[in-house]
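The chain contents come next:
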Amino acid sequence: MGGSYGSTLRYKSVERLKSVGKHSFLGASGEISDFQEILRNLDELILYDNMWDDGNSLGPKEVHNYLTRMMYNRRNKFNPLWNSLVLGGVKNGQKYLGTVSMIGVHYEDNHLATGFGNHLAKPIIRDEWREDMSYEEGVKLLEKCMRVLLYRDRSAVNKLQIAKITEEGVTISQPYSLKTFWNFSAFQNPTAGAVGSW
C-alpha cells in the first residue's frame, strides 16, 4: 500500500484494489495517477453498460479484454499507462484471473504476480498453491509471499489489503499490517564481513 514520490516513500495507505462492476476486482502496481485514469475509464464503461438496462452485466473476461485493448492502445500512442494489472472475478460459476502489462501483454493463470513478485513470490506460490485451498490457507500463503517481498525491498510498506470474490460479490479487507521480525543477525550489522568500502 506504499506510494512513492521519486525515491521517497511518501504515502503509506494507498489502496490498489478496486471492485469493477458486479463480478470483478482490479489490482494494480505502478503509477497511482495512471491507475486512477484506468479506474475512470472503467467507471465510464460500467455506467454505459448499466444504461442498457438489459439485465446483463460485464464479466471479468470482458473487462480483462477491455483493459488489454486500452493498455495496448496507449502503448501504440507512445504514451503508456505505467501499470501492471491483475483482474479477478467470478460470473456464472466461472472463475477468472488475468493480468495485463503496461504494453498490453496479457494472459490468464491460476495465480499471478506483478513486478518484484514475479521473481520472488511466484516460486513460493508454485510450490505451495493447490486448487482446493481454503480462503484461510490462501491468505496465509499470500502473507508469506508479501513478507518475503517486504524483507527484500527497501521501499516496501508492511500494510496490505486482501480481496475476496464470490458469486455474491467483491469483499476487500480493511488495510492491516504484517507482523515482521527484524532481529536477524544479518539485519543487526549488515556490513559485517564486507571487504572494502565505497
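Reading the values: the criteria
- Residues numbered from 1 in each chain as written.
- Predicted model: local features only at pLDDT ≥ 70, side-chain atom pairs only at ≥ 80, totals over all residues.
- Heavy atoms only, no water.
- Salt bridge = Lys/Arg side-chain N within 4 Å of Asp/Glu carboxyl O.
- Pairing = 2+ DSSP bridges.
- Helix = DSSP H or I, 4+ residues; strand = E, 2+ residues; numbered from the N terminus.
- Axes fitted to C-alpha atoms, helices over the stretch in contact; angles between N-to-C directions.
- Contact = heavy atoms within 4.5 Å.
- Expected span 1.5 Å × (residues − 1).
- Bend = angle between axes of the 7 residues up to and from the residue.
- Buried < 20%, exposed > 50% of the residue type's maximum accessible area, 1.4 Å probe, protein only.
- Patch = residues over 30% accessible without salt bridge, like charges linked within 9 Å, V, L, I, M, F, W, Y side chains within 5 Å.
- Areas by Shrake-Rupley, 256 points an atom, 1.4 Å probe, with all protein chains shown as cover.
- Left-handed = near helix turned anticlockwise from the far one by under 90°.
- Nonpolar A, V, L, I, M, F, W, Y, C, P; charged D, E, K, R; others polar.
- Parallel < 35°, antiparallel > 145°, perpendicular 65-115°, else oblique.

- The name given to the protein chain in an unreviewed UniProt entry is Proteasome subunit beta type-4 isoform X2, with Nicotiana tabacum as the source organism.

### Quick word on the pattern of salt bridges
Part 1 of the argument: Counted by the stated rule, this structure contains 8 salt bridges.
Part 2 of the argument: Among the ionic pairs, E137 bridges to R130, the shortest N-O distance being 2.9 Å.
Part 3 of the argument: The network of salt bridges with shared partners includes E37, R40 and E44.

### Remarks on the sheet that holds strand β5 (residues 83–91)
Part 1 of the argument: In space, the 5 strands of this open sheet follow the order β3-β4-β5-β6-β7, with antiparallel pairing throughout. Two strands in the sheet have a free side with no partner beyond their single neighbour: β3 (17–20) and β7 (106–108). Direction aside, neighbouring strands of the sheet carry axes that sit 20° apart on average.
Part 2 of the argument: Of the strand pairs in this sheet, β5 and strand β6 (residues 94–100) are connected by 7 bridges, and their pairing is antiparallel. For G89, the partnering residue across the bridge sits in β6 and is Y96.
Part 3 of the argument: Lying over the sheet, helix α1 (residues 32–51) contacts β3, β4 (24–30) and β5, oriented at roughly 160° with respect to β4.
Part 4 of the argument: Sheet contacts for helix α2 (residues 60–76): β3, β4, β5, β6 and β7; angle to β5, the most-contacted strand, approximately 160°.

### Comments concerning the pairing of strand β2 (residues 8–11)
Part 1 of the argument: Pairing between strand β1 (residues 3–5) and β2: 3 bridges, direction antiparallel. Across the sheet, G3 pairs through a bridge with Y11, a residue of β2.

### Structural notes on helix α3 (residues 116–128)
Part 1 of the argument: Here α3 spans 19 Å end to end across 13 residues, near enough to the 18 Å set by a 1.5 Å rise per residue.
Part 2 of the argument: Within α3, the axis deviates most sharply at K122, by approximately 40°, and proline P123 lies no more than four positions further along.
Part 3 of the argument: Every buried residue of α3 is listed here: G117, A121, K122, I124 and I125.
Part 4 of the argument: Looking at the packing, one finds that the buried side of α3 touches α4 (135–151).

### Considerations on the environment of G3
Part 1 of the argument: Inspection of the secondary structure assignment puts G3 in strand β1.
Part 2 of the argument: Spatially, the C-alpha atom of G3 lies 25 Å from that of Y72, the residues being 69 residues apart in sequence.
Part 3 of the argument: Leaving out residues up to four positions away in the same chain, G3 has contacts with T8, L9, R10, Y11, V14 and R16.

### As for a nonpolar patch on the surface
Part 1 of the argument: A grouping of L47, Y48, M51 and W52 is seen on the molecular surface, where their side chains present a nonpolar patch of about 520 Å² in accessible area.
Part 2 of the argument: Locating L47 in the fold gives a position in helix α1.
Part 3 of the argument: Residue classification places L47 among the exposed residues on the basis of a relative accessible area of 53%.

### Some details on the packing of α3 against α4
Part 1 of the argument: α4 packs onto α3 with a crossing angle of 145° between their chain directions and a minimal axis gap of 10 Å. In this structure, the crossing between α3 and α4 has a hand that is right-handed. Contacts between α3 and α4 pair F116, G117, L120, A121, I124, I125 and E128 from the former with L141, K144, C145, V148 and L149 from the latter.
Part 2 of the argument: Its residues placed into classes, the contact of α3 with α4 shows 9 nonpolar, 1 polar and 2 charged.

### A word on the environment of Y151
Part 1 of the argument: Relative to the assigned elements, Y151 resides in helix α4.
Part 2 of the argument: Take Y151: its relative accessible area is 21%, and that puts it in the partly exposed class.
Part 3 of the argument: Sequence-wise, Y151 and F187 are 36 residues apart; in three dimensions their C-alpha atoms are separated by 10.0 Å.

### Some points on the pairing of strand β10 (residues 169–172)
The side chains of a regular strand alternate between the sheet's two faces.
Part 1 of the argument: In terms of strand pairing, strand β9 (residues 163–166) meets β10 through 4 bridges, oriented antiparallel. Residue pairing for β10: T166 is matched across the bridge by G169.
Part 2 of the argument: A loop of 2 residues connects β9 with β10, the two strands running antiparallel in sequence.

### Observations concerning the packing of α1 against α2
Packed helix pairs are specified by the crossing angle of their axes together with the interaxial distance, meaning the distance between the axes.
Part 1 of the argument: Contact geometry of α1 with α2 gives a least axis separation of 12 Å together with a crossing angle of 130°. Considered as vectors, α1 and α2 are oriented oblique to each other. In the packing of α1 onto α2, the handedness of the crossing is right-handed. On α2, the residues that touch E37, I38, N41, L42 and L45 of α1 are V63, Y66, L67, M70, M71 and R74.
Part 2 of the argument: The class makeup of the residues in the contact of α1 with α2 is 8 nonpolar, 1 polar and 2 charged.

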